[in-house]
Amino acid sequence: LNMSKDIRIKKGLSIKLMGRAADTLAVMPHSGIFAVKPTDFHGITPKMVVKVGNHVKAGDVIFYSKDNEEIKFCSPISGIVKDILRGAKRKIIEIVIDSDKTQKSKEFEISNFENLNGNDLKKLLLGSGCWPFIKQRPYDIIANPLDSPKSIFISTLSTAPISADFQIILDDQKNEFITGVQVLKKLTDGDLNICIEKDSKTFINEINDVVIHDVSGPHPAGNVGIQIHHVDPINSGEKIWTINPEDVAIIGRFFLTGVYNPLRTIAISGPPVKHPQYYKTIIGSKLSKIINDAGVKTDEQLRFINGDILTGSTVDKDNYLGFYNNTFSILREGNHYRMFGWIPFINNKVPSIYKTSFSWIFPDKKYDLDTNINGEERAFVVTGEMEKVFPMDIFPMQLLKECMVGNIEKMENLGIYEVAPEDFALTEFICVSKQPHQKIVREGLDLMKEELG
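Residues numbered from 1 in each chain as written. Predicted model: local features only at pLDDT ≥ 70, side-chain atom pairs only at ≥ 80, totals over all residues. Heavy atoms only, no water.

## Some details on the overall build of the protein
Now for step 1: Per the secondary structure count, the protein includes 11 helices and 20 strands.
Now for step 2: Across the protein, every contact between residues at least 6 apart in sequence was considered, and the portion connecting residues at least 24 apart equals 69%.
Now for step 3: Of the accessible surface of the protein, which amounts to about 20500 Å², a share of 50% is contributed by carbon and sulfur atoms. (Helix = DSSP H or I, 4+ residues; strand = E, 2+ residues; numbered from the N terminus. Contact = heavy atoms within 4.5 Å. Areas by Shrake-Rupley, 256 points an atom, 1.4 Å probe, with all protein chains shown as cover.)

So this is what it looks like as structure tokens:
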């Protein structure tokens, strides 16, 4: 039987934007060109297995991790390796694959996975390209297969602005999701926690032997790190694994079919999008077709974001869908300057957290924001605003400052193990000092990992 528990988040800020994806699902014709980007995997140095001109099937290994050869990254489709693009210091940026007309997949021998133990399941996950979907806290990196996590968390709600609704994404993948949950359950001796939106009518409530948490509250209530903090906080030396809902379904599909088939449902959303909706495609597909299909006028100056508007990375429109992405957001470029831009309530489109801008009179108003940050970077100003949107028992300002100076001991005491960069997206959004909080936290986490392993 599953037990249901409540997580109620009071602090935070829900940013209401226009251009949320409609509940319609379009199937995207094959984009023809796909890419796997090692930069999607933080801290992984790739060792290539294929060369330009090689033919690969879906599920064939393209590269593995230099630090741990067991962690393999596989091709999402079958085709010819067209290009291996390198950046500064010969760093590999993307492996481009030209897809075959008829798709072929590498077949894995899977019989009665219900009877396999955790180690056998891990071997199959590692060999098939499914392992990188499993991430760990602390550090928000791909999990180490040698670890045994104290629990596993799956957050099936996203509270970020105009981000994908996982209920829509999982609607036609229920069986795969449930199978994926059964597999993941064998990888921990602790609980498998699934967080759902409070009062949502979802099939997840019927799944046995998992702990269901009903989550309510403003963004970042959907962040898995916030949920972990309220349910099973991480202390020094402990590991918790996390995985996105659709990735659970990809793992389930692998065990049901014996092939790696990384389907990806993405929400194309944002104020400039004429037909914001969901598209079924494959991880790594080229985005330009989808962007055109959604009715985006590309002659405007636009910002394309792989991910949600607070945590995603800016890409050009000829880029490829990121490995972990379920949202592709588009905003107008905010390269205009205003007179008196420093006065917080003149012509201020941002749904202000201050009560001066009358945003509280129209609580349901939706905004058409652009990328203008209304100010320049300056030293941290102590305003107490960050604490209002940061729903953890952690002092965000102090932690950021210790990350900036690299004080390991203080970072530990202030709760660095609990956080990931995405948990600082809102504090960054409202920061009057315009400091890059997510980058600061990422650098702090990297330092901890380097020093303490």
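## Section: the pattern of salt bridges
Now for step 1: Per the counting criterion, the structure on display carries 16 salt bridges.
Now for step 2: Where K280 meets D172, a salt bridge forms, and the shortest distance between an N and an O atom there is 3.5 Å. With a gap of 108 residues between them, K280 in strand β17 (residues 277-282) and D172 in the loop between α2 (166-170) and α3 (174-185) connect regions that are remote in the sequence.
Now for step 3: What makes K280 buried here is its relative accessible area of 13%.
Now for step 4: Across the pair E385 and K388 runs a salt bridge, and its minimum N-O distance is 3.4 Å. Residue E385 and its partner K388 are both found in helix α7 (residues 385-388); the two are separated by 3 residues, about one turn of the helix.
Now for step 5: Residue E385 is classed as buried on the basis of its relative accessible area of 9%. (Salt bridge = Lys/Arg side-chain N within 4 Å of Asp/Glu carboxyl O. Buried < 20%, exposed > 50% of the residue type's maximum accessible area, 1.4 Å probe, protein only.)

## Describing the sheet that holds strand β5 (residues 55-56)
Now for step 1: Read across the open sheet, the 4 strands follow the order β3-β9-β8-β5; overall the sheet is antiparallel. Since the sheet does not close on itself, it has two edges, and those belong to β3 (33-36) and β5, each with one partner.
Now for step 2: Across 4 bridges, the pairing between β3 and strand β9 (residues 92-99) is antiparallel. Considered in β9, the bridge of V36 is made with I95. (Pairing = 2+ DSSP bridges.)

## Observations concerning unusual backbone geometry
Now for step 1: R137 connects to P138 through a cis peptide bond whose omega is 0 degrees.
Now for step 2: Tracing the sequence through the fold places P138 in the loop between β10 (135-137) and β11 (141-142).
Now for step 3: Residue H219 is joined to P220 through a cis peptide bond whose omega torsion reads 15 degrees.
Now for step 4: Structurally, the position occupied by P220 is in the loop between β14 (211-216) and α4 (224-231).
Now for step 5: Not every positive phi belongs to a glycine, and R90 is a case in point at roughly 60 degrees.
Now for step 6: Turning to its location among the elements, R90 is positioned in the loop between β8 (79-86) and β9.

## Concerning helix α5 (residues 245-257)
Now for step 1: With 13 residues, α5 extends 19 Å between its outermost C-alpha atoms, agreeing within 8% with the 18 Å of an ideal straight helix rising 1.5 Å per residue.
Now for step 2: Burial analysis of α5 places 11 of its 13 residues in the buried class, which makes it a mostly covered element.
Now for step 3: Buried within α5 we find P245, E246, D247, V248, A249, I250, I251, G252, R253, F254 and F255.
Now for step 4: Where α5 terminates, the next one or two residues include G258, which has phi positive at roughly 80 degrees. (Expected span 1.5 Å × (residues − 1).)

## Here's the deal with the layout of surface pockets
The probe, sized like a water molecule, is rolled over the atoms to show the empty space still left.
Now for step 1: By volume, the second largest pocket amounts to about 520 Å³.
Now for step 2: Around the second largest pocket sit 19 residues that line it, and G43, D67, I141, I142 and K449 are the ones nearest its centre.
Now for step 3: Only β11 and α11 (437-452) provide two or more residues apiece to the lining of the second largest pocket.
Now for step 4: Each residue belonging to the lining of the second largest pocket can be placed in one class, and the counts come to 6 nonpolar, 7 polar and 6 charged. (1 Å grid on protein atoms, 1.4 Å probe; cavity = no way out; pocket = protein on both sides within 12 Å on 5 of 7 lines; lining within 4 Å. Points joined across faces, edges and corners; volume = space filled by probe spheres on them. Nonpolar A, V, L, I, M, F, W, Y, C, P; charged D, E, K, R; others polar.)

## What to know about empty space enclosed by the protein
Now for step 1: Summed over all chains, the structure comprises 2 cavities of 30 Å³ or more.
Now for step 2: Its boundaries defined by the atoms lining it, the largest cavity holds a volume of some 90 Å³.
Now for step 3: Around the largest cavity sit 14 residues that line it, and V36, F41, C74, I283 and F323 are the ones nearest its centre.
Now for step 4: Elements supplying a minimum of two residues to the lining of the largest cavity: β3 and β7 (72-74).
Now for step 5: Of the residues in the lining of the largest cavity, the class split is 11 nonpolar, 1 polar and 2 charged.
Now for step 6: If you trace the second largest cavity, you find it lined by D40, F41, H42, K135, D140, I141, I142 and Y324.
Now for step 7: For the lining of the second largest cavity, the residue count by class is 4 nonpolar, 1 polar and 3 charged.

## With respect to the nonpolar core
Now for step 1: Core analysis: the biggest nonpolar cluster contains 59 residues, and W131, I134, F177, L184, I194 and F255 have the highest contact counts within it.
Now for step 2: Looking at this core, the element that brings in the most residues is α5, giving 5 residues.
Now for step 3: When near neighbours in sequence (up to four residues on either side) are disregarded, W131 contacts I71, K122, L125, L126, I142, A143, N144, P145, L187 and W241.
Now for step 4: Membership of the second largest hydrophobic core comes to 33 residues, among which are I228, M386, V419 and L445. (Core = buried A, V, L, I, M, F, W, Y, C linked by side-chain atoms within 4.5 Å.)

## Some remarks on the packing of aromatic side chains
Now for step 1: A full pass over the atoms with the stated rule returns 14 aromatic pairs.
Now for step 2: Taken together, a centroid distance of 5.2 Å and an interplanar angle of 75 degrees make the contact between F108 and F254 edge-to-face. Of this pair, F108 sits in the loop between β9 and α1 (118-128) while F254 sits in helix α5, and the two are 146 residues apart along the sequence.
Now for step 3: Among the residues examined, F108 registers a relative accessible area of 17% and is labelled buried. (Phe/Tyr/Trp six-rings, centres within 6.5 Å; stacked < 30°, edge-to-face > 60°.)

## Focus on the sheet that holds strand β20 (residues 327-332)
Now for step 1: Ordered by their spatial adjacency, 6 strands build an open sheet running β2-β17-β16-β20-β18-β19, and the pairing between neighbours is mixed. Unpaired on one side and paired on the other, β2 (25-27) and β19 (313-315) mark the two borders of the sheet. On average, each strand axis in the sheet is inclined to that of its neighbour by 30 degrees, with strand direction left out of account.
Now for step 2: On top of the sheet, α5 reaches β16 (263-269) and β17; it is set at about 160 degrees to β16, its chief contact. (Axes fitted to C-alpha atoms, helices over the stretch in contact; angles between N-to-C directions.)

## Quick notes on the confidence of the model for the protein
Now for step 1: When pLDDT is averaged along the protein, the result is 89, and 89% of the positions lie at 70 or above.
Now for step 2: This model gives residues 337-362 a pLDDT under 50, and the stretch forms 27 contacts once residues within four places in sequence are excluded. (pLDDT = per-residue confidence, 0-100.)

## Quick notes on α11
Now for step 1: Taking 1.5 Å of rise per residue, the 16 residues of α11 would be expected to cover 22 Å, and the 22 Å separating its terminal C-alpha atoms lies within 8% of that figure.
Now for step 2: Residues of α11 that are buried sit in contact with β11, α7, α8 (396-405), α9 (408-413) and α10 (425-430).
Now for step 3: Phi for G453, located one or two positions after α11, is positive at around 75 degrees.

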